[in-house]
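Results of the structural survey
Here is how the chains run, residue by residue.
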Amino acid sequence: MGRPPRLFDRYQSRAAKLARSPEQLRSLLAAAATKADRAGRFSAKFAAVRSELNAFISLLRAWTSGDYRAVSTKAVVTVAAAVLYFLTPLDLLPDFILGLGLIDDVAVIGYVFGAVREEIAAFERWRGEQGDADAAEVPPELEDSDY
């Protein structure tokens, strides 16, 4: 895995604090889901990582509810940092710059997904075992992992 994106360490320290506050983390996830829906309609670039972001949101929701704890704290913090980065409008490339504003968000989500791929795959398997309809199909980006 390469170097983390610029400024990402700032988001990791903020995410570590959020991980200790399930209520704040749930609020963050609701806002991220709303922004993801909007971004998916307006940006083809973002559509490429939307399933990864949705997996992050699902993992963190299951973790905050206590339903799924078979994930490392490091992965929880890293995933929360990616979601926080996605939500922050004034990051490396501000979101209001049409056509470019989500490019850095896409890069961060892709980087983090690569870093936590195995933990996301384990979570998706668990969701499938729970009978979660959203997890019935293995996302294409996980098909090549060791299921």
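Computed from a predicted model, the values in this text were never measured in an experiment.

**Regarding the packing of aromatic side chains**
To describe a pair of aromatic rings, you give the distance between the ring centres and the angle between the ring planes. Under the counting rule described, the total for this entry stands at six aromatic pairs. Pairing Phe 8 with Tyr 111 gives two aromatic rings, centres 6.3 Å apart and planes at 75°, and the pair type is edge-to-face. Note that Phe 8 is positioned in helix H1 (residues 8-19) and Tyr 111 in helix H6 (residues 103-129), a separation of 103 residues in sequence. When the centroid spacing of 5.1 Å and the interplanar angle of 65° are considered together, the rings of Tyr 68 and Phe 123 count as edge-to-face. Placement of Tyr 68 in the loop between helix H4 (50-65) and helix H5 (73-87) and of Phe 123 in helix H6 is noted, with a sequence separation of 55 residues between them. With respect to class, Tyr 68 is no different from Phe 123; both count as buried.

**Topic: the pattern of salt bridges**
One pass over the full model with this rule turns up three salt bridges. In this structure, Glu 23 and Arg 26 form a salt bridge, with 3.2 Å as the shortest nitrogen-oxygen distance. Pair noted here: Glu 23 and Arg 26 are both in helix H2 (residues 22-42), with a separation of three residues, about one helical turn. Exposure remark for Glu 23: the relative accessible area of 56% places this residue in the exposed category.

**Topic: the nonpolar core**
Ranked by internal contacts, the top residues of the largest apolar core, which has 44 residues, are Phe 46, Leu 53, Phe 56, Leu 60, Val 83, Phe 86 and Val 112. Breaking this core down by element, the ones donating at least two residues are H1, H2, H4, H5 and H6. Looking at which element gives the most residues to this core, the answer is H5, with twelve residues. With residues up to four places along the chain from it excluded, the contact list for Leu 53 reads Ala 36, Phe 46, Val 83, Phe 86 and Ile 109.

**Comments concerning the confidence of the model for the protein chain**
In the predicted model, the protein chain carries a mean pLDDT of 80, and 74% of its residues have values of at least 70. This model gives residues 136-147 a pLDDT under 50, and the stretch forms 19 contacts once residues within four places in sequence are excluded.

**Some remarks on the environment of Val 77**
Relative to the helices and strands, Val 77 resides in helix H5. Between the C-alpha atoms of Val 77 and Lys 17, which are 60 residues apart in sequence, the distance is 8.8 Å. Sequence-distant contacts of Val 77, that is, excluding residues within four places in its chain, are made with Gln 12, Ala 15, Ala 16 and Ala 19.

**Notes on H1**
For H1, with twelve residues, the first-to-last C-alpha span of 16 Å sits near the 16 Å given by 1.5 Å per residue. Looking only at H1, the buried set comprises Phe 8, Tyr 11, Ala 15, Leu 18 and Ala 19. The buried residues of H1 all sit within an arc of 90° when viewed along its axis, so they share a single face. Exposed and facing more than 90 degrees away from the buried side of H1 are Asp 9, Arg 10 and Lys 17.

Rules used in this analysis
Residues numbered from 1 in each chain as written. Predicted model: local features only at pLDDT ≥ 70, side-chain atom pairs only at ≥ 80, totals over all residues. Heavy atoms only, no water. Phe/Tyr/Trp six-rings, centres within 6.5 Å; stacked < 30°, edge-to-face > 60°. Helix = DSSP H or I, 4+ residues; strand = E, 2+ residues; numbered from the N terminus. Buried < 20%, exposed > 50% of the residue type's maximum accessible area, 1.4 Å probe, protein only. Salt bridge = Lys/Arg side-chain N within 4 Å of Asp/Glu carboxyl O. Core = buried A, V, L, I, M, F, W, Y, C linked by side-chain atoms within 4.5 Å. Contact = heavy atoms within 4.5 Å. pLDDT = per-residue confidence, 0-100. Expected span 1.5 Å × (residues − 1). Arc of directions from axis to C-beta.

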